[in-house]
Amino acid sequence: MLEDLERIVRDPKRISTSAAVRQRHSQDLTSYHAEHLPDVVIYPKDKEELREIITYANQTGCPIVPFGLGTSVEGQVVPVQGGISLDFTHMNRILEIRADDFAVRVEPGVTRMQLNQELKKYGLFFPIDPGVDATLGGMAATNASGCSAVRYGMTRDQILGMEAVLADGSWIRTGSLAKKSSAGYHLTHLLAGSEGTLAIFTELTLRVYGLPDTFLYATAVFPDLQKACKAANQMLYRSIQPGKLELVDEYTLQAINAYKQTKYEEKPTLFLELSGWKSSVTAEWERVKEIIRDEGACGWSHTFDETIGDQLWDARRHAALAIAASAPDKKLMTTDVCVPLSVLPEAVSFAREVMQAENLQGAILGHIGDGNYHAVFPIDRSLPEEVAKAEKVNKRIVRFALERGGTCTGEHGIGLGKKQYLTEEHGDAVLWMKKIKEVFDPNHILNPGKIF
Ligand SMILES: Cc1cc2nc3c(=O)[nH]c(=O)nc-3n(C[C@H](O)[C@H](O)[C@H](O)COP(=O)(O)OP(=O)(O)OC[C@H]3O[C@@H](n4cnc5c(N)ncnc54)[C@H](O)[C@@H]3O)c2cc1C
């Protein structure tokens, strides 16, 4: 098979069986999921080559696992059945910027930071920010969101259309350049979030936005997590439209202070960004201050200074890496439930109680403007009892969310780690998901072993 694949790829630099390269593609960056080596790593150069590789894989039953930057956290990129890891490093061209249409066309290996660097020249930006840099193909496949979703939604909401190669090597185009459409089934939204199990994206058409005139960056410190959550809820209730609205607990801030040499007060804190015209941002901040005061904040500060604001968001973005660095020999298990906003204060308190009851060290942080929060536990994968304890806590947090109308994953996806909750969340609808999988990929070559 290797010889056959070498005949298709015809460039020894873009096909590798070296131990180091296979190792890099055997796991994601930070998570606790066990690694598994692919047999070969291929870096396709364009969609024609990709079609040939996929057609060949389909004929021979060879598994294919797409790989962006490997930052997903539920084992999505682990080639559990071996086969080909398809790395999109070489398909990283920004194909077209249509500033007047607020749209761009990109290859899937373009990263969000690469895109934003280019968009800046046009006074535009792509808002989705999952903290780390990630490819747009990977973000589309996990339906990533992060800090800005409270204002702009998820990656899925930004995709106007896509081109994709299907398991049999055929090629489809979905969506259009139009902002709205009611034409037929929404295949774009079906393929977004499909974690490489239905199709391989070769091009994405994405929505972009005008850069706001002014940014205000703020923090508000609270005596406990519940009060912080209630304040966030009140802001949304009173029509504040934050660009970002994040919660970090005292453990997260301890990790950040140690990792970034910062001096944040180590108490539950809201990180907030307001953006727009200066007069409206200033007025919004006055209203935010009233709310946080009423909800019992014990301190707050704000700035318009971009450098200080960048430092603030840099600290927030690096929170998960800071938690990882606080236990360098361990890997992270990260819960990712999303609950109805009214349930959030109770859900966050419940997570803390369960962790304490099980004597499990962990931090709580999240995108609380969406009702989405993470409990993050560094665990030693070689200690089965430690893994079992973390899994028990994870399960209780998920159950709590599901029983109250929430979801087991707000943004990380199912991958390997959340498979056990899919039926609990969706019931018989999972049978229809499986039928869809059969239609798209009857030979189960696309990222096998994930989601179901
Ligand atoms: C420290 C840290 C913090 C994070 N914080 C957040 C957060 O706040 N919010 C959030 O949403 N996520 C967060 N994440 C997760 C993460 O960044 C994303 O899931 C990311 O979107 C994956 O992008 P990637 O390029 O790394 O893709 P990969 O991890 O390489 O791949 C992800 C999935 O996409 C598939 N895929 C890749 N390319 C294609 C393609 N061309 N066609 C079809 N499928 C493809 C893969 O098979 C896989 O299933 C965090 C991760 C880390 C490490």
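### Notes on the pattern of salt bridges
So, step 1. Under the counting rule described, the total for this entry stands at 30 salt bridges.
So, step 2. For aspartate 4, the salt bridge identified is with arginine 7, shortest N-O distance 2.6 Å. Taken together, the positions of aspartate 4 and arginine 7, both in helix H1 (residues 2-9) and 3 residues apart, correspond to about one turn of that helix.
So, step 3. A relative accessible area of 54% means that arginine 7 is categorised as exposed.
So, step 4. Between lysine 267 and glutamate 265 there is a salt bridge whose closest N-O contact spans 3.4 Å.
So, step 5. One salt-bridge network, held together by shared partners, links Glu96, Arg98, Asp101, Arg105 and Glu203.

### A look at the sheet that holds strand E6 (residues 103-106)
So, step 1. Strand order in this open sheet of 5 strands is E5-E6-E10-E8-E9, and the pairing throughout is antiparallel. Sheet topology places strand E5 (94-98) and strand E9 (171-175) at the edges, where each strand pairs with a single neighbour. Adjacent strand axes in the sheet meet at a mean angle of 10 degrees, parallel and antiparallel pairs treated alike.
So, step 2. Both E5 and E6 contribute to a ladder of 4 bridges, which runs antiparallel. When the sheet's bridge partners are listed, arginine 98 is paired in E6 with alanine 103.
So, step 3. Of the strands in this sheet, E5, E6 and strand E10 (200-207) are in contact with helix H4 (residues 112-119), which crosses E5 at around 45 degrees.

### Looking at the site of the ligand
So, step 1. Surveying the vicinity of the ligand reveals 36 residues, the closest of which are Pro66, Gly68, Ser72, Pro130 and Thr135.
So, step 2. One of the backbone N or O atoms of serine 145 is found 2.8 Å from an oxygen atom in the ligand.
So, step 3. Here the ligand, which alone exposes 990 Å², has 97% of that area covered by the protein.
So, step 4. Cavity membership is defined here by more than half of the atoms lying within 2 Å of grid points; on that basis the ligand lies in the largest cavity.
So, step 5. Those elements that provide at least two residues to the shell around the ligand are strand E3 (64-67), helix H5 (136-142), E10 and helix H13 (319-325).
So, step 6. Among the elements that make up the shell around the ligand, the one with the highest residue count is H5 (5 residues).

Basis of the calculations
Residues numbered from 1 in each chain as written. Predicted model: local features only at pLDDT ≥ 70, side-chain atom pairs only at ≥ 80, totals over all residues. Heavy atoms only, no water. Salt bridge = Lys/Arg side-chain N within 4 Å of Asp/Glu carboxyl O. Helix = DSSP H or I, 4+ residues; strand = E, 2+ residues; numbered from the N terminus. Buried < 20%, exposed > 50% of the residue type's maximum accessible area, 1.4 Å probe, protein only. Pairing = 2+ DSSP bridges. Axes fitted to C-alpha atoms, helices over the stretch in contact; angles between N-to-C directions. Contact = heavy atoms within 4.5 Å. Near = heavy atom within 4 Å. Polar contact = N/O pair within 3.5 Å; in protein donor to acceptor, adjacent residues only side chain to side chain. Areas by Shrake-Rupley, 256 points an atom, 1.4 Å probe, with all protein chains shown as cover. 1 Å grid on protein atoms, 1.4 Å probe; cavity = no way out; pocket = protein on both sides within 12 Å on 5 of 7 lines; lining within 4 Å. Sits in = over half its atoms within 2 Å of the grid points.

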